[in-house]
Amino acid sequence: MTSKTTTYRLFEGKDHAQLYAKYRPSYPKELYDKIKDYCQQSDATKLDVAIDVGCGSGQSTLPLTNICKHVIGIDISRAQIAEAKKVASDIDFRVGQAEDLGFLGDGTVDLVTTATAIHWMDIPTLMGEVSRVLRPGGVVAVYSFAPDVIHNKEAHQLVWEDFFNGTLRGCGSDAHIHYINGLALIDLPFKDAIRLEPLMTEREVDVDFFIGFIKSCSSWQVFQKKNPDSNVLIDLRLRLRTLYGDSTSGEVRPMSLSTPVYTLLGRKGNL
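- In the nomenclature of an unreviewed UniProt entry, the protein is known as Methyltransferase of Mizuhopecten yessoensis.
- The annotation that UniProt attaches to the protein under Sequence similarities (unreviewed entry) is "Belongs to the methyltransferase superfamily."

Given below as structure tokens:
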């Protein structure tokens, strides 16, 4: 089924946008290769115009320049767009709602993407706009990270069970169900649609970088506003540094993570 959700506005502060730009992971090249291959399966797709909706600070938008000639990024947050404009000067970044693409004519876009953002949107309204702006044969790509698998079991328990599902419980939104479930509850509005096998990305990050990622999460931002004097994140950092610390050298080893990327691809029918 396709689930409806309201539009959320949780990423509009300047400091939050800067955290997002610095600590959010980028998407693997293999993902964009698969999107491009899918686009090229239709002779009707010109690969001229792409738009990334809910583009945030632009990590998901820049790779689209290797697929289409003209790229647009749109986000509801003015602060996020300010960060995105630092990424590339040849991308048309603009402030606006993903569900309102009125500045685009009917059948004028070859590719619409949304990256780890659809859970914040009114999905039926968004898909109505996607259907309108896509050319016949045009493609929509919805993709999302899911929570990292931390290879150290104790660290995984500490971060996901104790911290996110414990300390931050109640600070997330119902919208996160699509993020947590790997887009399993979302169907695209086209008969020609596929769900790719999840791509697993392997990476190593230092503890402080991972703490920065947590600071960029909306659930932490909500918790922090409710508990401005809390030391829970300081405590988590110290516990992780202890877990990954070498008692002999004093060095702190990087955290090894596996991060799944889920992808839905759909093509508007030729008229």
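Picking up after the structure, the text goes on.
### Thoughts on the nonpolar core
Soluble globular proteins tend to bury their nonpolar side chains together.
Step number 1: The biggest cluster of nonpolar side chains holds 27 residues, and the ones touching the most others in it are I35, L111 and Y143.
Step number 2: For this core, the element with the most residues is helix α2 (residues 29-39), which contributes five residues.
Step number 3: When residues no more than four places from it in sequence are discounted, the contact partners of I35 are I67, L111, A141, Y143 and L265.
Step number 4: One finds I72, L101, V142 and L188 within the second-largest nonpolar core, a separate group that totals 26 residues.

### A word on the packing of helix α7 (residues 207-216) against helix α9 (residues 232-243)
In a packed pair of helices, the relevant descriptors are the angle between the two axes and the axis-to-axis distance.
Step number 1: Closest axis-to-axis distance for the α7/α9 pair is 10 Å, and the angle between their directions is 150°. Taken together, the axes of α7 and α9 lie roughly antiparallel to each other. Between α7 and α9 lies a crossing whose hand is right-handed. Facing V207, D208, F210, I211, I214 and K215 of α7, the residues of α9 in contact are L233, L236, R237, L240 and R241.
Step number 2: A breakdown of the residues in the contact of α7 with α9 according to their chemical character gives seven nonpolar, no polar and four charged.

### A word on the pattern of salt bridges
Step number 1: According to the stated counting rule, one finds eleven salt bridges in the structure shown.
Step number 2: Between D33 and K29 there is a salt bridge, and its shortest N-O distance comes to 2.9 Å. Placement of the pair is D33 and K29 together in helix α2, with a separation of four residues, close to one helical turn.
Step number 3: Owing to a relative accessible area of 34%, D33 belongs among the partly exposed residues under this scheme.
Step number 4: Residue D148 is joined to R203 by a salt bridge in which the shortest nitrogen-to-oxygen separation is 3.1 Å. With a gap of 55 residues between them, D148 in the loop between β5 (134-145) and β6 (149-150) and R203 in strand β8 (residues 199-205) connect regions that are remote in the sequence.
Step number 5: Within the structure, one salt-bridge network assembled from shared partners comprises D48, D110 and R135.

### A closer look at the pairing of strand β9 (residues 255-267)
Step number 1: Within β9, eleven of the 13 residues are buried, leaving the element largely enclosed by the surrounding structure.
Step number 2: Across seven bridges, the pairing between β5 and β9 is antiparallel. Note on β9: the bridge partner recorded for S144 is Y262.
Step number 3: In this sheet, β9 lies alongside strand β7 (residues 192-195) in antiparallel orientation, the contact comprising four bridges. Bridge pairing in β9 links R195 to L264.
Step number 4: One ladder, built from seven bridges, connects β8 with β9; its direction is antiparallel. Looking at the pairing, E202 lines up with S258 of β9.

### Here we look at the side chain of T114
Step number 1: Structurally, T114 can be placed in strand β4 (residues 109-115).
Step number 2: Contact partners of T114, with chain neighbours within four places excluded, come to D52, V53, M121, A141, V142 and Y143.

### Re helix α4 (residues 123-133)
Step number 1: All of the buried residues along α4 are I123, L126, M127, E129, V130 and V133. Taken around the axis of α4, the buried residues stretch over an arc of 160°, which confines them to a single face.

### Topic: helix α5 (residues 153-167)
Step number 1: Listing the buried residues of α5 in full gives A155, L158, V159, W160, F163 and F164. For α5, the buried positions fall inside an angular range of 155° around the axis, keeping them on one side. Looking at α5, the residues exposed on the side facing more than 90 degrees away from the buried face are K153 and E154.
Step number 2: Against the buried residues of α5 lie β6, α7, α8 (218-226) and α9.
Step number 3: Two to three positions downstream of the cap, the backbone nitrogen of E154 sits 3.0 Å from a side-chain oxygen, assigning the N-cap of α5 to N152.

### Here's the deal with the packing of α5 against α9
Step number 1: α9 packs onto α5 with a crossing angle of 170° between their chain directions and a minimal axis gap of 10 Å. By the criterion of interaxial angle, the relationship of α5 to α9 is roughly antiparallel. Across from E154, A155, L158, V159, F163 and T167 in α5, the residues of α9 making contact are V232, L233, L236, R239, L240 and L243.
Step number 2: Among the residues making up the contact of α5 with α9, the classes are represented as nine nonpolar, one polar and two charged.

### A closer look at the side chain of T263
Step number 1: Within the element layout of this structure, T263 appears in strand β9.
Step number 2: Sequence-distant contacts of T263, that is, excluding residues within four places in its chain, are made with L31, V142, Y143, L183, I194, R195 and L196.

Cut-offs applied
- The numbering scheme is per chain: residues are counted from 1 as the chain's sequence reads.
- Local features in this predicted model are restricted to residues whose pLDDT is 70 or higher, and side-chain atom pairs enter the listing and the counts only when it is 80 or higher, whereas totals over whole chains, interfaces and linings include all residues.
- In computing side-chain values, all of the structure's heavy atoms are included and hydrogens and water are not.
- UniProt positions are given in the numbering used here, feature names are shortened, and annotations may be inferred rather than shown by experiment.
- We call a set of buried residues a nonpolar core when its members are Ala, Val, Leu, Ile, Met, Phe, Trp, Tyr or Cys and they connect through side-chain atoms within 4.5 Å of each other.
- Each residue is assigned to one of three classes by its accessible area relative to the maximum for its type, calculated with a 1.4 Å probe on protein chains only: buried under 20%, partly exposed between the two thresholds, exposed over 50%.
- The secondary structure listing takes helices from DSSP runs of H or I that are at least 4 residues long and strands from runs of E that are at least 2 residues long, numbered from the N terminus.
- Here, two residues are considered to be in contact whenever any of their heavy atoms come within 4.5 Å of each other.
- Under this scheme, a helix contributes an axis fitted over its contacting stretch, all axes are lines through C-alpha atoms, and angles between N-to-C directions fall in the 0 to 180 degree range.
- Oblique is the label for any angle not under 35 degrees, not over 145, and not in the 65 to 115 range, which are roughly parallel, roughly antiparallel and roughly perpendicular in turn.
- Crossing handedness follows the turn of the near helix against the far one: under a right angle anticlockwise gives a left-handed crossing, and clockwise gives a right-handed one.
- In the scheme used here, Gly and all other residues not listed as nonpolar or charged are polar, with Ala, Val, Leu, Ile, Met, Phe, Trp, Tyr, Cys and Pro taken as nonpolar and Asp, Glu, Lys and Arg as charged.
- Whenever a carboxyl oxygen of Asp or Glu lies within 4 Å of a side-chain nitrogen of Lys or Arg, that contact is scored as a salt bridge.
- DSSP-based pairing: two strands are paired if at least 2 bridges between them are found.
- Directions are taken from the helix axis to each C-beta atom, and the arc is the one they span.
- The term polar contact refers here to a pair of N or O atoms within 3.5 Å; inside protein, the definition further demands a hydrogen-donor-capable atom paired with an acceptor-capable atom, and it admits residues adjacent in sequence only when both atoms are side-chain atoms.

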